[in-house]
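Below are the chains, spelled out letter by letter.
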Amino acid sequence: MIIAEQKPLDEMARMLAPYSRVLIVGCGTCMTVCGAGGEREVSYLHHALRVARARAGGEPRIFLEHTLKRQCDLEFLDLLKDRVAEVDAVLSLGCGVGVQAIAEHFPDLPVLPGVNTSFVGMADEWGVWDERCAACGDCRLADTGGICPITRCTKGMLNGPCAGTKNGKCEASPEMDCGWVLIYRRLETLNQLEKMRRYYPPRNFRTIPRPRRITSRAGGPGETDGPQPA
Amino acid sequence: MRFTPASPAPPVPRAGTGQLADRSLVPPCQAACPLYQDIREYVDLVAQGRILEALRVIRSGNPFPSICAYVCSHPCEDQCRRAQVDNAVAIRALKRFAVEFGGDRLVQTEAETIHSERVAIVGSGPAGMACAYYLRKLGYPVTIFEAHPEVGGMLRGGVPQYRLPRAVLDAEVERLTRMGVEIRTNTRVVSLDLLFQLGYRAIFVTVGAQQSRRLGVPGEDLPGVVDAITFLREVNLGLKPSLGDRVVVIGGGNVAMDAARTALRLGSREVHVVCLEKREEMPGSAEDVEAAVEEGVALNCGWGPGAISGDSHVTGVQCIRCVSVFDADGRFSPTYDESTTTHLSCDTLITAIGQVPQVPEDFRLRTGRGSTIQVDPVTLATNRPGVFAGGDAVSGPATAVRALAQGRLAAHRIDDYLQHRYPKPRDPGPRLEGDLEPRTVEVIRRTGRMEPPVLAPEARRKGFEPVEAVYDWEAAVSEARRCLRCGMGAEILFQDKCAACLTCLRVCPYHVPRLDEAGNVRIPPEQCQACGVCVGECPARAIALRKPHDRRQVDEELEHALNAAAEAKVRPLILGFCCQYGLFGTHSLAGVWRRARAGVWIVPVLCAAKVEAEHLLKAFELGGEAVFVAGCGEQCARENTDLWLRQRVERVRKTLAQVGVEPGRLQAFVLAGGAENLAVELDRFVERVGGLYLAEVMRREAGR
Ligand SMILES: Cc1cc2nc3c(=O)[nH]c(=O)nc-3n(C[C@H](O)[C@H](O)[C@H](O)COP(=O)(O)OP(=O)(O)OC[C@H]3O[C@@H](n4cnc5c(N)ncnc54)[C@H](O)[C@@H]3O)c2cc1C
Ligand code: SF4
């Protein structure tokens, strides 16, 4: 799941300075799960911005709140139509995808990001999130015991461990597990230690064409033999 | 500066806005109460120190709470789920506290006559009294006919005064008369036709079960043999029958215990109870049997009475070993070992093996097993039109609370009958069912049941002083806090919003929320302790407590406090969210209250864990110059509430810092190491805030 973190309030306040009517939009999927932008956060932020405004003095600003099931699909964004008509800007607590989707859907409307979209990851415990996947587009987890060397190794090395590993920890931080030691232990448990001996040629991420697109239906877009959306 | 939404968008009912219906499940105590009293509610009000309101809740479902407070057989306590943790909540004793501290004696009940149809009630026991009470409330002219010179049925003639002081009963009778109920004592009704001829349009027959059963053994008619009902009646009317030194009571029920204990109080040296059952099978309630033993009554369990000996007066009774009392199907069918016998000598023998109703032949009412009147269970109608029956006369010997419930039911059915309405069945809503799981039980704090103080056994034997005293405030509140608030817990009210983020699973101190097979989050209501932690943390705000007053209150009370503050114009404006239980219940947060008089505005909340981070911000937003939350900490009846309180305060402090408000203007106070410390800390806080405020004013002045 996508993990994000709310931006500092002062940064948001600066972004919002030119606008007097703002719609705060939450997202009911990843941002709710990671606690950065669900309905509760929308309301919390709303109150916080009002406190900030009261503190700074000046014209009270009008905020509206709404949380969508998901921001990254245009059909959901249609539900905002009436609400955005009343505001000068949208503050989105969706991930970067949500912000862009809103921008795309409402061309004349300024949209501001309320969160810093950070990584793809999972909860360690309540309120603590860890990165797990770099979305590299070329998954090697079968060879590394289901542990991703790109995200779990500080250096993202494909052939580890390096000489900086000490007592299972990384030289970058003594609190951090060495990703490659984790991989080694796991392969040992799986009786697949021979995989440690293999050499993985370096990958050239620069060759990945951006923006990436995946087509899951038969026949690419524009071709006629696949099912066409109405 | 109030928030007014720019668009008149329809208010979405969402968690925390107070637009939620009560979705709580009927707790087992309430389901077990014949009167269907909202026990959970009044117990909680006692815990909050809101005694007057507790009494109001009690009175709304019980015509004579003071009577129940003394003698109710409390079927509620038998079902209390707290027994799965330690012991049942002492519900009856809490009711006694509420009626005495709440001033039930002073409550005036009014009634107005709005109907012309007169109703006659035959018998002035609790069933008749309750029926009269509710019929008066419904506006009917009511007359009670009572065969005896005194009013109250078995409560007057049966229940001994050491368990029910007569002043309590007198007050209720007095109240009935003041409501306009006509009571004709010394009037035995022999014919219902006569009542109809006198113009009564409906009759409620509640003649009780007052006829003692006979033993059916030789010697039963000897002088010195008396049945318990006659005996107790004599004593209750002020006679002092001389019993001699040795008394034997036959029977193992509550009436037998009352007879035995009364005999002791009349001065008999040795009182023996003889019953068929083994000690643990005795039909008398454990409380009553234990009290009797404490006072010195000797139990002879597993014996049945044989011949009674004596020539001109009883001298003793032969007892035969009883092998078993019930047959394989659980029916009463005692078997004896005739070869094992013993003899108990005595000067008086009291029989207490049950009573049956005595319904005059001329009533022409159909009777069934044990001479009880047959009625339709829904309408209490008998075979004769316009004649209804209830109480012990219908059920056989039962309990006061059952009689009250039947009296109330009869009043409503008689009303339906007289107004030609079809009776509407009551829909009590879904019940809470199921036991606590061991893993839930493990987390619940153990706080043993506290019994009200009782007179020492030696002192009790000296007379008819009430045995049990009432709780003091502290004891009552601690006892009330033991309630688990069954059926009030959290639910995922807005399933469509639930993102299955599992926050509730992770924050619940009781490990209640879980995933079902399909991967949906479930909060089993029979495990939830209604602490509200998940409600305040759910990022989708999909969870709400089933009883929404818990939450609505925070917003409403905040508004109250702000209004009061605006009127007082005292600056700086300090708002304190304060646990209601600690404030008015245990008084452990009383230090806060003292500060309150010096310009702190209190927002009472039902546990500090119900104050959400948004509430804290809102307090600042609406003009609070400083805000604090005070919780009961280690004294809280729930787990981890202080942890969540601190967590939320910490978060809001960070936010405040970002918007230029000194984080020190928000503080959590959690009771630890006595209320004194708290008061000192709070004083410091108020002083500091005062300083900040002054500095700010000076800065502003200087800037001008
Ligand atoms: C010794 C004893 C102790 C008890 N202790 C408890 C206790 O602690 N807790 C509890 O819950 N229950 C207790 N009970 C049971 C409780 O008292 C009865 O269940 C309850 O009183 C039944 O109420 P009732 O109105 O149906 O009948 P009763 O209380 O029996 O009242 C019937 C009334 O009808 C009158 N009557 C009868 N025939 C006529 C007639 N023809 N005309 C006019 N009037 C007539 C009688 O004189 C009597 O006053 C006790 C009972 C006894 C005997
Ligand atoms: S956190 Fe509290 S309210 Fe929520 S499920 Fe657990 S016990 Fe119930």
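Here the structure is a predicted model, which means the values were calculated and not measured.

S.K.: With reference to specific residues and values, describe the overall build of chain B.
M.R.: A count of helices and strands for chain B gives 26 helices and 23 strands. Referenced to the eigenvectors of the C-alpha coordinate spread, the extents of chain B come out at roughly 110 × 60 × 55 Å. Looking at chain B residue by residue over its 704 residues, the buried ones come to 55%. For chain B, the share of sequence-separated contacts (at least 6 apart) that also reach a separation of at least 24 residues comes to 73%. Side-chain charges of chain B comprise 85 positive and 86 negative groups, with the mean position of each set lying 5 Å from the other.

S.K.: An account of unusual backbone geometry is requested, with residue identities and associated values reported.
M.R.: Going from Gly 160 of chain A to Pro 161 of chain A, the amide bond is cis rather than trans, its omega being -10 degrees. One non-glycine residue with positive phi stands out, namely Arg 364 of chain B, at about 50 degrees.

S.K.: Which residues make up the domain arrangement of chain A, and what values do they have?
M.R.: Residues and elements named next belong to chain A. Each assigned domain of chain A is listed with its residue range as follows: domain 1 (1–137) and domain 2 (143–204). Each of domain 1 and domain 2 was reduced to a C-alpha centroid, and the two centroids are 36 Å apart. The partner domain 2 presents five residues to the five residues of domain 1 that form the contact. When domain 1 packs against domain 2, the two sides together hide about 420 Å² of surface, and 58% of this comes from carbon and sulfur. In terms of surface lost to domain 2, no three residues of domain 1 exceed Arg 132, Ala 134 and Cys 136, which account for 81% of the buried area on that side. Between domain 1 and domain 2 we count one residue pair in polar contact (both at pLDDT 80 or more) in total.

S.K.: Break down the side chain of Thr 262 of chain B for me, citing the residues and quoting the values.
M.R.: Tracing the backbone shows Thr 262 of chain B in helix 12 (residues 254–265). For Thr 262 of chain B, the contacting residues outside a window of four places in its chain are Pro 160, Tyr 162, Phe 231, Leu 232, Val 235 and Phe 464 of chain B.

S.K.: Which residues make up the nonpolar core, and what values do they have?
M.R.: Ranked by internal contacts, the top residues of the largest apolar core, which has 124 residues, are Leu 589 and Val 592 of chain B. In terms of residue count, the dominant contributor to this core is helix 15 (residues 400–418) of chain B (nine residues). Those residues in contact with Val 592 of chain B that sit more than four places away from it in its chain are Cys 578, Leu 583, Ile 602, Phe 628, Ala 630, Leu 678 and Leu 682 of chain B. Grouped together as the second largest cluster of nonpolar side chains are 57 residues, Tyr 19 of chain A together with Trp 601, Leu 617 and Val 652 of chain B included.

S.K.: Give a detailed account of the pattern of salt bridges, specifying residues and quantitative values.
M.R.: Scanning all chains against the criterion turns up 63 salt bridges over all chains. With a shortest N-O distance of 3.2 Å, Lys 547 of chain B and Asp 22 of chain B are connected by a salt bridge. With Lys 547 of chain B in the loop between strand 19 (543–545) and helix 21 (549–568) and Asp 22 of chain B in the segment before helix 1 (28–32), this residue pair connects regions lying 525 residues apart in the sequence. On the basis of relative accessible area, Asp 22 of chain B is assigned to the partly exposed category, the value being 46%. Here Arg 178 of chain B ties to Glu 174 of chain B by a salt bridge, and the two come within 3.4 Å at their closest N and O atoms. Of this pair, Arg 178 of chain B and Glu 174 of chain B both sit in helix 9 (residues 166–178), four residues apart, roughly one helical turn. One network of salt bridges, in which partners are shared, links Glu 39 and Arg 40 of chain A together with Lys 497, Arg 541, Glu 612 and Glu 614 of chain B.

S.K.: Quick rundown of the site of ligand 2? Include the residues and the values.
M.R.: What surrounds ligand 2 is a group of 13 residues, the closest being Cys 508, Cys 528, Cys 531, Gly 532 and Cys 534 of chain B. Residues of the shell around ligand 2, tallied by class, amount to eleven nonpolar, two polar and no charged.

S.K.: Could you give an account of the packing of helix 3 (residues 39–56) of chain A against helix 24 (residues 613–621) of chain B, with specific residues and numbers?
M.R.: Put simply, helix 3 of chain A and helix 24 of chain B touch, their axes get as near as 9 Å, and they point 20 degrees apart. Considered as vectors, helix 3 of chain A and helix 24 of chain B are oriented roughly parallel to each other. Considering how the two elements wind past one another, helix 3 of chain A and helix 24 of chain B form a crossing that is left-handed. On the side of helix 3 of chain A, the interface is formed by Arg 40, Ser 43, Tyr 44, His 47, Ala 48, Arg 50 and Val 51 of chain A, while helix 24 of chain B contributes Ala 613, Glu 614, Leu 617, Lys 618, Phe 620 and Glu 621 of chain B. In the contact of helix 3 of chain A with helix 24 of chain B, the residues fall into six nonpolar, two polar and five charged.

S.K.: Describe in detail the site of ligand 1, supporting the description with residues and values.
M.R.: Residues and elements named next belong to chain B. The immediate surroundings of ligand 1 are formed by 34 residues, with Val 71, Glu 146, Arg 163, Asp 392 and Ala 400 found nearest. Between Val 71 and ligand 1, the recorded distance is 2.6 Å, taken from a backbone N or O atom to a nitrogen atom. Those elements giving two or more residues to the shell around ligand 1 turn out to be helix 7 (126–137), helix 11 (228–236), helix 12 and helix 15. In terms of residue class, the shell around ligand 1 is made up of 16 nonpolar, 13 polar and five charged.

S.K.: Outline the packing of helix 24 of chain B against helix 25 (residues 641–658) of chain B, supporting the account with residue identities and numerical values.
M.R.: Residues and elements named next belong to chain B. Packing of helix 24 against helix 25 leaves a shortest axis separation of 9 Å and a crossing angle of 45 degrees. In terms of orientation, helix 24 and helix 25 fall into the oblique class. For the pair helix 24 and helix 25, the crossing hand works out as right-handed. Between helix 24, through Ala 613, Leu 616, Leu 617 and Phe 620, and helix 25, the contact on the second element is made entirely by Arg 648, Val 649, Val 652, Thr 655 and Leu 656. Across the contact of helix 24 with helix 25, the residue classes tally to seven nonpolar, one polar and one charged.

S.K.: Help me get a handle on the interface of chain A and chain B, residues and values and all.
M.R.: Listed per partner, the contact involves 30 residues of chain A and 39 residues of chain B. Together chain A and chain B conceal approximately 3000 Å² of surface at their shared face, both sides included; 57% is due to carbon and sulfur atoms. By the criterion of area lost to chain B, the three top residues of chain A are Arg 40, Tyr 44 and Trp 126 of chain A, representing 29% of everything that side buries. Counting across the chain A and chain B interface gives eight salt bridges. The partner of Arg 541 of chain B in a salt bridge is Glu 39 of chain A, with the nearest N and O atoms 3.6 Å apart. Inspection of the chain A/chain B interface yields 15 residue pairs in polar contact (both at pLDDT 80 or more).

S.K.: I'd love a proper account of the pairing of strand 6 (residues 115–125) of chain A, names of residues and values included.
M.R.: Residues and elements named next belong to chain A. Summarising the sheet, strand 1 (residues 2–6) and strand 6 pair through five bridges and their orientation is antiparallel. Residue pairing in the sheet places Glu 5 in a bridge with Asn 116 of strand 6. Pairing between strand 6 and strand 7 (residues 128–133): five bridges, direction antiparallel. If you follow Ala 123 over to strand 7, its bridge partner there is Trp 129. The antiparallel pairing of strand 6 with strand 7 creates a hairpin that spans two residues between the two strands, and Gly 127 there sits at a positive phi of about 80 degrees.

S.K.: Give a description of the side chain of Ser 43 of chain A that names residues and reports values.
M.R.: For Ser 43 of chain A, the position within the fold is in helix 3. Take Ser 43 of chain A: its relative accessible area is 2%, and that puts it in the buried class. With residues up to four places along the chain from it excluded, the contact list for Ser 43 of chain A reads Glu 65 of chain A together with Arg 541 and Glu 614 of chain B.

S.K.: Would you mind going over the environment of Gly 391 of chain B in detail, with residue names and values included?
M.R.: Residues and elements named next belong to chain B. Turning to its location among the elements, Gly 391 is positioned in the loop between strand 15 (387–389) and helix 14 (392–395). Residue class for Gly 391 comes out buried when judged on its relative accessible area of 4%. Considering only alpha carbons, one finds Gly 391 and Leu 606, 215 residues apart in sequence, at a separation of 40 Å. Once residues lying within four places of it in the same chain are set aside, the contact partners of Gly 391 are Ala 127, Ala 403 and Gln 406.

S.K.: Would you mind going over the sheet that holds strand 3 (residues 62–68) of chain A in detail, with residue names and values included?
M.R.: Residues and elements named next belong to chain A. Across the sheet, which stays open at both edges, the four strands sit in the order 3-2-4-5 with parallel pairing between neighbours. The open sheet has two free edges, formed respectively by strand 3 and strand 5 (111–113), since each of these has just one partner strand. Sheet twist, expressed as the mean angle between neighbouring strand axes with direction ignored, is 25 degrees. Of the strand pairs in this sheet, strand 2 (residues 21–27) and strand 3 are connected by seven bridges, and their pairing is parallel. Pairing of Val 22 across the sheet is with Phe 63, part of strand 3.

S.K.: Lay out helix 12 of chain B in plain terms, naming residues and giving numbers.
M.R.: All names here are of chain B. Relative to the 16 Å expected for twelve residues at 1.5 Å per residue, helix 12 spans 16 Å between its end C-alpha atoms, a close match to the ideal helical length. Of all twelve residues in helix 12, ten are buried; the element is thus mostly enclosed. Of all the positions in helix 12, only Ala 256, Met 257, Asp 258, Ala 259, Ala 260, Arg 261, Thr 262, Ala 263, Leu 264 and Arg 265 are classed as buried. Contact partners of the buried residues in helix 12: helix 11, strand 7 (246–250), strand 8 (270–275), helix 13 (286–295), strand 13 (348–351) and helix 17 (457–461). Note on helix 12: the residue one or two positions beyond its end, Gly 267, has a positive phi of about 110 degrees.

Definitions and cut-offs
Residues numbered from 1 in each chain as written. Chains lettered and ligands numbered in written order. Predicted model: local features only at pLDDT ≥ 70, side-chain atom pairs only at ≥ 80, totals over all residues. Heavy atoms only, no water. Helix = DSSP H or I, 4+ residues; strand = E, 2+ residues; numbered from the N terminus. Buried < 20%, exposed > 50% of the residue type's maximum accessible area, 1.4 Å probe, protein only. Contact = heavy atoms within 4.5 Å. Lys, Arg positive; Asp, Glu negative; His and termini not counted. Charge placed at Lys NZ, Arg CZ, Asp CG, Glu CD. Domains from an automatic or database assignment. Buried area = accessible area lost by both parts, 1.4 Å probe. Polar contact = N/O pair within 3.5 Å; in protein donor to acceptor, adjacent residues only side chain to side chain. Core = buried A, V, L, I, M, F, W, Y, C linked by side-chain atoms within 4.5 Å. Salt bridge = Lys/Arg side-chain N within 4 Å of Asp/Glu carboxyl O. Near = heavy atom within 4 Å. Nonpolar A, V, L, I, M, F, W, Y, C, P; charged D, E, K, R; others polar. Axes fitted to C-alpha atoms, helices over the stretch in contact; angles between N-to-C directions. Parallel < 35°, antiparallel > 145°, perpendicular 65-115°, else oblique. Left-handed = near helix turned anticlockwise from the far one by under 90°. Pairing = 2+ DSSP bridges. Expected span 1.5 Å × (residues − 1).

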